Amino acid sequence: MNQDDVYEPPQTVQQQIVERLQILAPDEGYNLTPLPDVRLLRSNRPLSRTPVLYDPGVVVVCQGCKRGYFGDQCYIYDAQHYLAVSVPVPFTMETDASPEHPLLAIYIHLDFKVAAELMLQIEHHGAGESRASAPESMISSPMDHALKASVLRFLQALSRPLDAAVLGPSLLRELYFHFLTGEQGGVIRSALAMQGQFGKISRVLKSIHGNYAQSLNLSQLAAEAGMSAPTFHSHFKNMTRQSPMQYVKSVRLHQARLLMVRQAMTASAASYAVGYESPSQFNREFKRLFGLPPAEEIKRMKAHFAIPPAHQSADYVSSH
């Protein structure tokens, strides 16, 4: 061996993943990809606890760390754990990141059709039947070697336009397969099956996201679920950690924030657009949730985040 030769050990899968994401996600905030349901997140600074409302989907953090606080539980999602959200639930989130060590993550908006097709195949082959679990709104699950290898192949495909167009959808389907058959795949499959009380509340959540600007009340929502008001209230709070009307308020405020960012609406216009009758009440409740008045919060978001357009087919508001 020539003395001038310097041995360089091969990169680990994790190192290759981070290297790819550094290139694919140059902007702080969300970066679009050729696949409409996949966005890449970069954050160059830590984020203290802030309210968020995720669409159903999966967040794969490849560098850095996020912590989600939902009720009395803390969910870690980092290079060793991904976060799966089966229904849109408000929670608070904080991020560990720096310019030298930015947070890099993949956000996959859940395609229920793809998930359902795979679940049928998995059930047909009898896989995981003994591991069926009670459904949960949110889980943090370990990343195994097979999933990491799939993530790397997926990012390699996204790096090349032809590969992204031809191979991207099948590689995304491969990721779904690992989510649905991994250590907590039974929990995810149970949640997506939309059975029992969990399924009834899930359908009401979808209805709320489609009609948040209309007048909604507890009796109406309980009737939609086919439950008495007390039973509905109990099951709803168990799933979302909020009462039904608190949840409606949270959806309206998150949606108003997105309208102000994406469409440059005034706070007053946004308040009416999401169903508030009093702009002053809206301003008070907005500041109570986000910690800043509307104008200051929108200025902060525009300065610190690249906010992409909404999902074309999204059923839910997405606020990350």
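Every value quoted in this text rests on a predicted model; they were computed, and no experiment measured them.

### Here we look at the overall build of the protein
Then comes step 1: Along the protein, the regular secondary structure elements total 13 helices and 10 strands.
Then comes step 2: Scaling as 2.2 N^0.38, a compact globule of 320 residues should have a C-alpha radius of gyration of about 20 Å, and the protein matches this with 21 Å.
Then comes step 3: For the protein, the C-alpha atoms occupy an extent of roughly 80 × 50 × 35 Å along the three principal directions.
Then comes step 4: Taking all 320 residues of the protein together, the buried fraction comes to 51%.
Then comes step 5: Of the contacts formed within the protein by residues at least 6 apart in sequence, a portion of 75% connects residues at least 24 apart.

### With respect to the packing of helix H2 (residues 112-124) against helix H5 (residues 168-181)
Then comes step 1: Packing of H2 against H5 leaves a shortest axis separation of 10 Å and a crossing angle of 60°. Relative to H5, H2 is oriented oblique. H2 and H5 meet at a crossing whose hand is right-handed. Facing H2, whose interface residues are Val114, Ala115, Glu117, Leu118, Met119, Gln121 and Ile122, H5 presents Arg173, Tyr176, Phe177, Leu180 and Thr181.
Then comes step 2: Among the residues making up the contact of H2 with H5, the classes are represented as eight nonpolar, two polar and two charged.

### What about the side chain of Gln242?
Then comes step 1: Tracing the backbone through its elements, the reader meets Gln242 in the loop between helix H9 (229-240) and helix H10 (244-263).
Then comes step 2: A polar side-chain atom of Gln242 sits 3.4 Å from the main-chain amide nitrogen of Tyr247.
Then comes step 3: With residues near it in sequence (within four places) discarded, Gln242 still touches Pro90, Phe236, Lys237, Tyr247 and Ser250.

### Quick look at helix H6 (residues 185-192)
Then comes step 1: Burial analysis of H6 places eight of its eight residues in the buried class, the great majority of the element.
Then comes step 2: Listed as buried for H6 are Gly185, Gly186, Val187, Ile188, Arg189, Ser190, Ala191 and Leu192.
Then comes step 3: Buried-residue contacts for H6 involve strand S7 (81-85), H2, strand S10 (138-142), H5 and helix H7 (196-211).
Then comes step 4: Where H6 ends, the next residue or the one after it, Met194, has phi of about 55°, a positive value.

### Brief notes about the nonpolar core
Then comes step 1: Grouped together as the largest cluster of nonpolar side chains are 53 residues, with contacts concentrated most on Tyr54, Leu83, Phe91 and Phe232.
Then comes step 2: Of the residues forming this core, the biggest block, eight residues, is contributed by H10.
Then comes step 3: Within the second largest apolar cluster, 40 residues are counted, among which are Leu35, Tyr82, Leu104 and Leu172.

### Notes on a nonpolar patch on the surface
Then comes step 1: A surface patch of nonpolar side chains, amounting to about 300 Å² of accessible area, comprises Leu162, Val166 and Leu167.
Then comes step 2: Secondary-structure assignment places Val166 in helix H4 (residues 161-166).

### Description of the environment of Gly185
Then comes step 1: With respect to the helices and strands, the residue Gly185 is situated in helix H6.
Then comes step 2: Distance in space between the C-alpha atoms of Gly185 and Ser133 is 8.7 Å, their sequence separation being 52 residues.
Then comes step 3: Among all residues touching Gly185, those that are not within four sequence positions of it are Phe179 and Leu180.

### Regarding the pairing of S7
Then comes step 1: In terms of residue burial, S7 counts as a mostly covered element, since four of its five residues are buried.
Then comes step 2: Examined bridge by bridge, strand S4 (residues 57-63) and S7 share four bridges and lie antiparallel to one another. Bridge pairing in S7 links Val60 to Tyr82.
Then comes step 3: Relative to S10, S7 is paired through five bridges, and the arrangement is antiparallel. Each residue of the ladder has a partner; that of Leu83, found in S10, is Ser140.

### Section: the confidence of the model for the protein
Then comes step 1: Here the protein averages 90 in pLDDT, while 90% of its residues score no lower than 70.
Then comes step 2: Low pLDDT, under 50, characterises residues 312-318; the predicted model gives this stretch 23 contacts beyond four residues in sequence or across chains.

### Here we look at the packing of aromatic side chains
Then comes step 1: Throughout the structure, instances matching the rule amount to nine aromatic pairs.
Then comes step 2: On the basis of an interplanar angle of 75° and a centroid distance of 5.1 Å, the ring pair of Tyr54 and Phe91 is categorised as edge-to-face. Of this pair, Tyr54 sits in the loop between strand S3 (47-53) and S4 while Phe91 sits in strand S8 (residues 90-96), and the two are 37 residues apart along the sequence.
Then comes step 3: Take Tyr54: its relative accessible area is 1%, and that puts it in the buried class.
Then comes step 4: Judged by its relative accessible area of 4%, Phe91 is buried.
Then comes step 5: Both rings, one in Phe282 and one in Phe286, keep their centres 5.7 Å apart while their planes meet at 50°; by these two values the pair is tilted. Of this pair, Phe282 and Phe286 both sit in helix H12 (residues 279-290), four residues apart, roughly one helical turn. Note on accessibility: Phe282 and Phe286 belong to one class, buried.
Then comes step 6: Connected via pairs of aromatic rings, a cluster forms that spans Tyr276, Phe282, Phe286 and Phe290.

Calculation notes
- Residues numbered from 1 in each chain as written.
- Predicted model: local features only at pLDDT ≥ 70, side-chain atom pairs only at ≥ 80, totals over all residues.
- Heavy atoms only, no water.
- Helix = DSSP H or I, 4+ residues; strand = E, 2+ residues; numbered from the N terminus.
- Rg over C-alpha atoms; globule rule 2.2 N^0.38 Å.
- Buried < 20%, exposed > 50% of the residue type's maximum accessible area, 1.4 Å probe, protein only.
- Contact = heavy atoms within 4.5 Å.
- Axes fitted to C-alpha atoms, helices over the stretch in contact; angles between N-to-C directions.
- Parallel < 35°, antiparallel > 145°, perpendicular 65-115°, else oblique.
- Left-handed = near helix turned anticlockwise from the far one by under 90°.
- Nonpolar A, V, L, I, M, F, W, Y, C, P; charged D, E, K, R; others polar.
- Polar contact = N/O pair within 3.5 Å; in protein donor to acceptor, adjacent residues only side chain to side chain.
- Core = buried A, V, L, I, M, F, W, Y, C linked by side-chain atoms within 4.5 Å.
- Patch = residues over 30% accessible without salt bridge, like charges linked within 9 Å, V, L, I, M, F, W, Y side chains within 5 Å.
- Areas by Shrake-Rupley, 256 points an atom, 1.4 Å probe, with all protein chains shown as cover.
- Salt bridge = Lys/Arg side-chain N within 4 Å of Asp/Glu carboxyl O.
- Pairing = 2+ DSSP bridges.
- pLDDT = per-residue confidence, 0-100.
- Phe/Tyr/Trp six-rings, centres within 6.5 Å; stacked < 30°, edge-to-face > 60°.

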